[in-house]
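# Per-entry structural report
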Amino acid sequence: MEGRPADDSELIARALRGDAAAYEEIVQRYQQIAFRTAYAVTGSAADAEDAAQEGFVKAFRALERFRPGAELRPWLLRIVGNEARNKIRSTGRRHQLELRLTEGFRPGDAAPSPEAVAVASDERRRLLAMVNALSEDDRLVITSRYFLELSGEETAAALGIPEGTVKSRLSRALGRLRARVEEAASA
Amino acid sequence: MPDLEQQLSELAAAIDWPATPHLKVVIPDRAHRSWLSLPARRGGSGWGRGLAVAVAALLIVALALVAYPPSRGAIAHWVNLHLNIERVEHPPTPSTLPSGTLGDQLGLGLPYTLSDAERLVDWRITVPATLGQPDAVYVKHPPTLGEVTLVYARAPDIPVSGQTGVSVLVTEARGRVNETYFQKIVGPNTTIEEVSVGGRAGYWISGHPHDFIFTDADGQPFFDSMRLATNTLVFDRDGTIVRIEADTNKERAIEIALSLQ
């Protein structure tokens, strides 16, 4: 076992036997995607931290009910997504998600000219601004699929909607975003 | 121009996500999963073993029911009769407590042992010696640094709230009391009196306050509820706001506060 990271089912089995370190490893493994997913839903880093933390506690309590052989990540994201929505309901506040680009981001692998970088960065900033300006449903589904890189199943789990709804919602969201991009290009 | 979906995919690496915090996940004490649950029993003795045997027997009957259709009617009749008799002989005692955990009902957060709660917050949780060890401990976030509630189901000379089934709640959170804030939100039948709690500034809020605001560790106003909507003592204990909610008088509340250790 040494030198090889334990797979999820192994960690779950150990956690169920009372091995706290095994569950800590699960938390370590998934805390980033859990936190970011919760952030996408709540729009607040503090609320996302609470939701992710409480989500992991609830997941531990429900671990006995986890179906052996199933994927752990969508299951965790469903719990964390629920917690994030509960957080919005319980606090009565919803923050507008404002995604930003990292400073100094250099798109592409080659070393482009400073001008090319500036143009590319501007294009990306404009595109991100358009995503930010979409309706909440549209923004969430695009953020989940493209920025968080969740699968369709994971997106459905995190947003608490059927997978078929993810597909139709994503299609409509892309259509609306495309229209805005084209409108901006022709202006 | 690249395809829109491709552009979105390329943006993924450039999104400036907030730094992922190191999550402190403390596993809740299973004995406190439900409100004031009895101490967890170890081993299979007494009623626990008896119950297990009864459940196993019922399971065997149920399997027999499925496996042997001709006997279904007779067995079903027996099971039904048996269960009916049990219901008559042992009527359930009506509970005065609402269903669900108290934490869920009152928004107290999740249940923990006192020692686990200590690990979740950055201050030393104080417990009133006059009340002894709490019946349950809850921790919730926000506020940013957490809020701890000690629950006392019964306390000498203090009535039990019919709404919640508890006598006293002691709530602790990092922050500052801001009188200006809570003066504005108390109702017309509520009065606020400045008091001294062992030399510390405090407030005795009598009446039926429902809401409370304090300045949290980030300097932001944090809105909270008075869970028992009854007399409340609030004071600042070295940067930790302590609230004692109980249907009692000022002197008794201060006595509880002075016994915090």
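Since this is a predicted model, take the numbers as computed values, not measurements.

## Here's the deal with the confidence of the model for chain B
Residues and elements named next belong to chain B. Across chain B, the average pLDDT comes to 70, with 58% of residues at 70 or higher. Of all helices and strands in chain B, the one with the weakest mean pLDDT is helix α3 (residues 72-89) (36), whereas helix α7 (residues 250-258) scores best (93). In this model residues 29-50 is a low-confidence stretch, pLDDT under 50, and it forms 25 contacts with partners more than four residues away in sequence or in other chains. Counting interchain partners and residues more than four positions distant, the pLDDT-below-50 stretch residues 68-99 has 11 contacts. Here the prediction assigns the complex a pTM of 0.50, and the interface score ipTM is 0.85.

## Some remarks on the packing of helix α2 (residues 20-42) of chain A against helix α4 (residues 72-91) of chain A
Residues and elements named next belong to chain A. Taken N-terminus to C-terminus, the directions of α2 and α4 make an angle of 35°; their axes are 9 Å apart at the nearest point. In the crossing of α2 with α4, the sense of the turn from one axis to the other is right-handed. Counted together, Y30, A34, T37, A38, V41 and T42 of α2 and R73, L76, L77, V80, G81, E83, A84, R85, K87 and I88 of α4 form the full contact between these two elements. Grouping the amino acids of the contact of α2 with α4 by side-chain chemistry returns nine nonpolar, three polar and four charged.

## Focus: unusual backbone geometry
The backbone phi angle of A:E149 is positive, close to 55°, even though this residue is not glycine. By the C-beta count within 10 Å, which is 13 here, A:E149 ends up partly exposed. The backbone of B:D238 sits at a positive phi, close to 55°, despite the residue not being glycine. Within the secondary structure, B:D238 is located in the loop between β9 (232-237) and β10 (240-246).

## Observations regarding the pairing of strand β6 (residues 200-206) of chain B
Residue and element names in this part refer to chain B. Where strand β5 (residues 191-197) meets β6, seven bridges bridge the pair, whose relative direction is antiparallel. The residue of β6 that forms the bridge with S196 is A201. Linking two consecutive strands that pair antiparallel, namely β5 and β6, is a turn of two residues; a positive phi of about 60° is found at G198 within it. One ladder, built from four bridges, connects β6 with β9; its direction is antiparallel. Paired with G202 across the two strands is F235, which belongs to β9.

## Things to note about the packing of α4(A) against helix α7 (residues 152-159) of chain A
All names here are of chain A. For the pair α4 and α7, the least separation of the axes is 6 Å and the interaxial angle reads 25°. One element, α4, and the other, α7, form an angle in the roughly parallel class. Read as a crossing pair, α4 and α7 show a hand that is right-handed. Side by side, α4 and α7 meet where R73, P74, L77, R78 and G81 of the first sit next to E153, E154, A157, A158 and L159 of the second.

## As for the pairing of strand β4 (residues 168-177) of chain B
Residues and elements named next belong to chain B. Among the 10 residues of β4, seven are classified as buried, and the element is accordingly described as predominantly covered. When strand β3 (residues 147-152) meets β4, the two strands line up antiparallel, connected through six bridges. When the sheet's bridge partners are listed, T149 is paired in β4 with T171. With seven bridges joining them, β4 and β10 adopt antiparallel strand pairing. Within the sheet, the bridge partner assigned to V168 lies in β10 and is A246.

Rules behind the numbers
The written sequence of each chain sets the order in which its residues are numbered from 1. Chain letters start at A and ligand numbers start at 1, both assigned in the order the entries are written. At least 70 in pLDDT is required for a residue's local features to be given in this predicted model, at least 80 for side-chain atom pairs to be given and counted, and no such filter applies to totals for whole chains, interfaces and linings, which use all residues. What pLDDT expresses is the predictor's confidence in each residue, scored from 0 to 100. Helix numbering and strand numbering both begin at the N terminus, where a helix is a DSSP run of H or I of at least 4 residues and a strand a DSSP run of E of at least 2. C-beta atoms are first placed from the backbone for all residues, and any pair lying within 7 Å is then listed as a contact. Axis definition: a line fitted to C-alpha atoms, limited for helices to the stretch in contact. Angles are taken between N-to-C directions and run from 0 to 180 degrees. Take the far helix as the reference: if the near one is turned anticlockwise from it by less than a right angle, the crossing is left-handed, and if turned clockwise, right-handed. Charged residues are taken to be Asp, Glu, Lys and Arg, nonpolar residues to be Ala, Val, Leu, Ile, Met, Phe, Trp, Tyr, Cys and Pro, and polar residues to be all remaining types, Gly included. Counting other C-beta atoms within 10 Å of a residue's own tells you its class, since 20 or more makes it buried, 12 or fewer makes it exposed, and anything in between is partly exposed; those C-beta atoms are placed from the backbone. At least two DSSP bridges between two strands are required for those strands to pair. What sets the label is the angle itself: under 35 degrees gives roughly parallel, over 145 gives roughly antiparallel, 65 to 115 gives roughly perpendicular, and the rest give oblique.

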